[in-house]
Amino acid sequence: MSTVATTKKKKILVKDRHYRVMFLAPAIAALVLFTIYPLLYSIKISLFKWNMTVPGSGDQFIGLGNYINVLQDAEFWHALWITVSFTFFSVIFCMIVGVALAFLMFQNLKGANIVRTFVIAAMVIAPIIVGTAWRLMYNPGWGLINYFLSVIGISGNPFLAQSSTVLPALIVVDVWQWSPLVMIIVLAALQGLSPEVYESAEIDGASWWQTFFHITLPLLKPALLLALLIRTMDAFRTFDTIYAMTGGGPGRSSENLNILMYNTGFEFFKVSKTASMAVISLIVITAICTFLVKLFQKNEGTVL
Amino acid sequence: MRNKKKLIRILLYLVLGIVFLVYITPIWYIVSTSFKLERDAYTIPPKIFFIPTLINYIDAFSGRGMGQNFINSLIVSVVSSLASLLLGTPAAYALSRFKFKHKENLFFWFLSTRMAPPMLAGLPVYIISKNIGLYDSRTLLVIMNVLINLSWVVWMMRSFFDDIPAEIDEACMVDGCSRFSALIRVILPLSAPGLVASTIFCLILSWNEYFFAMILTSFNAQTLPASISSYLTIYGLLWGQMAAAGTVIAIPIMVFVFFAQKHIIRGLTMGAVKS
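Residues numbered from 1 in each chain as written. Chains lettered and ligands numbered in written order. Predicted model: local features only at pLDDT ≥ 70, side-chain atom pairs only at ≥ 80, totals over all residues.

(A) Here's a closer look at the overall build of chain A. Along its length, chain A carries twelve helices and zero strands. Element order for chain A, N to C, with α for helix and β for strand: α-α-α-α-α-α-α-α-α-α-α-α. The C-alpha atoms of chain A give 25 Å as radius of gyration, which overshoots the globular expectation for 304 residues (19 Å, by more than 25%). Each principal axis of the C-alpha distribution contributes one length, and for chain A these read about 75 × 70 × 30 Å. (Helix = DSSP H or I, 4+ residues; strand = E, 2+ residues; numbered from the N terminus. Rg over C-alpha atoms; globule rule 2.2 N^0.38 Å.)

Here you go:
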């Protein structure tokens, strides 16, 4: 009987090899066609001096010329700086606000469900609409934000139109939009914690803060790291909201890498330069994410 | 002690109220602007009570072709979601059940599409589609949305499959089922919540997708989100109509959030945090 079962199992394993190919092949084919091929194509055009407005420029091979060009370009470093600082502050504040929201929603307050629904809506509504709505609210003439500020006696500011305030103003929107993601992940982790841990902490006479920093936070670490990883990836590639609110302006003060690439490629048609920036940008974010994933695996081990 | 607890409770409710206001205001603002006449929209203080008008919707639908945009959005979202599920579900199952070399690398590759700068695919696809005549077609947008959704489907469905014990498949197969029929007849019904969650997620992602729709369409295949930029630039700032388009984009999403919130949350957390 047992030999029959093992031969059956062996047969299954042999067949599995076919199924493995059958199940994976379509998805992998699609990925190759739409990630590897464009990547190679991008790398290829990044080695030429192609500007779509200059006929024949697509044939001029310049090797790594574009990369050297881009790396010496102050605009590029500025955009990289904007991207990194936007990502850094947005992610930090998202984590803080998201964790606070998760704890708030964890308190069994009446009406918390309906509030949670609207909080979640923020990240599910199209980013381009979120950007548009906030652009309306930031309007210096009749926007809601300046109206509220004037009520409490602060004179109006064109937040999106001055270079000193535009980045914080955009970060506020990003935090509004994406803290809910952190909230959801942390809330799920909180609901998964066993109440016994808290009971024993209470018996030992730990204060709320002690419990929070020494018990809750360490237990939430995997969830926090995951939220951090997802948020970093997404914040780094923010385009829609910034494009809707400022388009990179005033001047270049909110021009992140994606906006710079869009402008270079689709406003000035410097295709090769855009491609080389895209490749560099991929390298940067891959490095950041690899670091975060390593950190994640060290602490968690299993997920991802 | 009791008083202190009560005070904390009151403070928490106050914070909850503020959070509610902070989150409902932008949504309310764009919806109310869409129903306002121009003279009601640009007032200080903002008018809370006004006579609602449909003029912005009528203008946007009749004059600016919003109906066509709506149909494009609908077709692209539905077709690309179905295609992503069809491609992604078997792959997720394979990643969950089979052991093979470089499995985690493959998985990371799927995820990397979420990490790469969109321009990396956008620029080549723009150039190629112009050359082969696919530019400004719904087919092209479906393909691009599948590319975005695929990693989500694989990520989410894999975690759902992981939660179903592998013994169930094996029991089926010992009873004479093939892998394929075990997947179709037993595993898929068991992971129905996962399928629903993934479908909803794909629909939302492709309904909202902006970047590719903007650079890869001009008129024929323009989706609703892509049409927003035409209110922003060419015709100056048509706030009322733009808000109307925004409301039309947001309404189906709000319906999802209200009636399928469990699936959205579950999808997000099941994919991320094992509960």
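Next, the rest of the story.
(B) Looking closely at the overall build of chain B. When helices and strands are counted, chain B shows 14 helices and zero strands. Ordered by position from N to C terminus, the α and β elements of chain B give α-α-α-α-α-α-α-α-α-α-α-α-α-α. Each principal axis of the C-alpha distribution contributes one length, and for chain B these read about 75 × 75 × 30 Å. Split into buried and exposed, the 275 residues of chain B put 48% on the buried side. For chain B, restricting intrachain contacts to residue pairs at least 6 apart in sequence, the fraction spanning at least 24 positions comes to 79%. (Buried ≥ 20, exposed ≤ 12 C-beta atoms within 10 Å, placed from the backbone. Contact = placed C-beta atoms within 7 Å.)

(C) Fine view of the domain arrangement of chain B. Residue and element names in this part refer to chain B. When its domains are assigned, chain B resolves into domain 1 (1–53) and domain 2 (55–272). Of the residues lining the interface, nine residues belong to domain 1; the matching set on domain 2 comes to eight residues. Contributions of two or more residues to the side of domain 1 that touches domain 2 are made by helix H1 (2–34) and helix H2 (38–41). No other element matches the four residues that H1 contributes to the side of domain 1 that touches domain 2. Of the residues that constitute the side of domain 1 that touches domain 2, the class distribution is four nonpolar, three polar and two charged. (Domains from an automatic or database assignment. Nonpolar A, V, L, I, M, F, W, Y, C, P; charged D, E, K, R; others polar.)

(D) View of helix H9 (residues 179–190) of chain B. Residues and elements named next belong to chain B. Burial in H9 covers these residues: Arg 179, Ala 182, Leu 183 and Ile 187. Viewed along the axis of H9, the buried residues span an arc of 95°, placing them on a single side of the element. The exposed residues of H9 that point more than 90 degrees off its buried face are Ser 181, Ile 184, Arg 185 and Pro 189. (Arc of directions from axis to C-beta.)

(E) How the structure looks around the nonpolar core. Grouped together as the largest cluster of nonpolar side chains are 161 residues, with contacts concentrated most on Ile 185 and Val 186 of chain A together with Val 154 and Ala 245 of chain B. Discounting chain neighbours no more than four positions away, the residues touching Val 186 of chain A are Gly 98, Val 99, Ala 102, Leu 220, Ala 223, Leu 224 and Ala 227 of chain A. (Core = buried A, V, L, I, M, F, W, Y, C linked by C-beta atoms within 7 Å.)

(F) Structural context of unusual backbone geometry. Of note in the backbone geometry, Asn 108 of chain A takes a positive phi value of approximately 55° without being a glycine. Structurally, the position occupied by Asn 108 of chain A is in the loop between helix H3 (74–105) and helix H4 (112–124). Residue Asn 108 of chain A is classed as exposed on the basis of its C-beta count, with 7 C-beta atoms lying within 10 Å. Phi at Asp 136 of chain B takes a positive value of approximately 65°, unusual for a residue other than glycine. Residue position: Asp 136 of chain B is located in the loop between helix H6 (118–132) and helix H7 (138–162). Residue class for Asp 136 of chain B comes out partly exposed when judged on the 16 C-beta atoms lying within 10 Å of it.

(G) A look at the domain arrangement of chain A. Residue and element names in this part refer to chain A. Here chain A is described as being made up of domain 1 (2–46) and domain 2 (69–299). Measuring from the centre of the C-alpha atoms in domain 1 to the corresponding centre in domain 2 gives 36 Å. With four residues of domain 1 at the interface, the matching set in domain 2 holds six residues. Of the residues assigned to the side of domain 1 that touches domain 2, the class counts are two nonpolar, two polar and no charged.

(H) Structural context of the environment of Ala 102 of chain A. All names here are of chain A. Relative to the assigned elements, Ala 102 resides in helix H3. In the structure, Ala 102 is positioned 79 residues away from Leu 181 in sequence and 9.9 Å away in space, judged by C-alpha atoms. If sequence neighbours within four positions are ignored, Ala 102 has contacts with Met 183, Val 186, Leu 187 and Leu 190.

(I) Expanded view of the interface of chain A and chain B. Across the boundary between the two partners, chain A contributes 75 residues, which contact 75 residues of chain B. Here the element with the most residues in the side of chain A that touches chain B is helix H1 (residues 2–46) of chain A; it accounts for 19 residues. Considered class by class, the residues forming the side of chain A that touches chain B number 55 nonpolar, 14 polar and six charged.

(J) Region of interest: the confidence of the model for chain A. For chain A, per-residue confidence averages 86 on the pLDDT scale, and residues scoring 70 or more make up 93% of the total. Mean pLDDT across the elements of chain A ranges from a minimum in helix H8 (residues 195–203) of chain A, with 78, to a maximum in H3 of chain A, with 95. (pLDDT = per-residue confidence, 0-100.)

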